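Chain by chain, the residues run as shown.
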Amino acid sequence: LKHPSIPTISEVELGLQQFQGICIGVTGTNGKSTTVNMIAKTLETLGHRALGCGNIGLPVCSAITQDADILVIELSSYQLHWAQSLKLTCGIITNFAPDHDDYHGSEAAYFLAKAKLKDFTHGTLFVDSALAEKFQGVSLISDHSVESLGLNPLKSEDYNSCFAVKAIQEVTSHSQSAIIDALNR
């Protein structure tokens with residue numbers, strides 16, 4: 001169905017071409033939906049019109065028709081693999097573990113699909129410290145702002161909360177204490 005003279009773009013890209021607000025991209029092997037929901041709920045508690053969308057269920061093209069000023073977008077490796085031009089304010093890679101070899105062909109190809117998030121992130125890309133070490137071998141990351149969080153992956157709620165606080169600080173003017181208070185409500 002693909003024709004060389006007709007560009008093919010993803011649903012996420014189509015939606016983001018029409019959206020003028022803030023976009024937070026979230027990917028990882030595990031914890032994407034939890035992190036997206038946590039960020040969107042906390043932003044709403046802080047008074048923002050935020051929506052979780054993307055791979056989580058609500059298509060981006062549907063989300064942009066609602067009254068939101070911030071989209072928190074769950075992005076799968078499949079969506080990132082084919083993406084060409086996403087515009088994200090900041091990004092989060094929750095973690096990485098070998099998965100989807102049937103689709104990507106190898107652990108390295110799967111990692112590179114997830115790592116494409118950095119290409120679309122104009123602000124900070126938040127990753128855990130173990131993943132930051134893995135990124136050192138990816139030359140494309142060198143000119144991007146990457147913040148490594150020393151997190152304990154065994155405490156997944158703390159893990160997701162840290163990502164939520166950092167991302168919300170990146171895209172709003174709320175203090176860390178106000179964000180944590182909203183997160184705990």
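Our structure's up above, just so we're on the same page.
Note that the structure is a prediction, hence the values are computed from the model and not measured.

## Considerations on the environment of N30
Okay, step 1: With respect to the secondary-structure elements, N30 resides in the loop between β1 (22–27) and α2 (32–45).
Okay, step 2: The spacing of N30 and T94 is 64 residues in sequence and 6.9 Å in space, taken between C-alpha atoms.
Okay, step 3: Not counting residues within four places of it along the chain, the set of residues in contact with N30 comprises T94 and N95.

## What about the nonpolar core?
Okay, step 1: One finds L16, L71, I73, L75, L86 and L88 to be the most contacted residues of the largest nonpolar core, which totals 26 residues.
Okay, step 2: Listed by contribution, the elements that provide at least two residues to this core are α1 (11–18), β2 (50–54), α3 (60–63), β3 (70–74), α6 (107–115), α7 (117–120) and β5 (125–128).
Okay, step 3: Looking at this core, the element that brings in the most residues is α6, giving three residues.
Okay, step 4: Counting residues in hydrophobic clusters, the runner-up holds 24 residues, among them A40, L46, A164 and A167.

## What about the pattern of salt bridges?
Okay, step 1: Under the criterion given, the structure shown has three salt bridges.
Okay, step 2: R49 is paired through a salt bridge with D67; the nearest N and O atoms lie 3.5 Å apart. Linking R49 in the loop between α2 and β2 with D67 in the loop between α3 and β3, this pair joins segments that are 18 residues apart in sequence.
Okay, step 3: Of the residues examined, R49 reaches a relative accessible area of 41% and is grouped as partly exposed.
Okay, step 4: Judged by relative accessible area, D67 falls into the exposed class, the value being 60%.
Okay, step 5: Among the salt bridges present, the one from D119 reaches K118, with a minimum N-O distance of 3.2 Å.
Okay, step 6: Among the residues examined, D119 registers a relative accessible area of 37% and is labelled partly exposed.
Okay, step 7: Taking the relative accessible area as the measure of exposure, K118 reaches 2% and is therefore buried.

About the cut-offs
Residues numbered from 1 in each chain as written. Predicted model: local features only at pLDDT ≥ 70, side-chain atom pairs only at ≥ 80, totals over all residues. Heavy atoms only, no water. Helix = DSSP H or I, 4+ residues; strand = E, 2+ residues; numbered from the N terminus. Contact = heavy atoms within 4.5 Å. Core = buried A, V, L, I, M, F, W, Y, C linked by side-chain atoms within 4.5 Å. Buried < 20%, exposed > 50% of the residue type's maximum accessible area, 1.4 Å probe, protein only. Salt bridge = Lys/Arg side-chain N within 4 Å of Asp/Glu carboxyl O.

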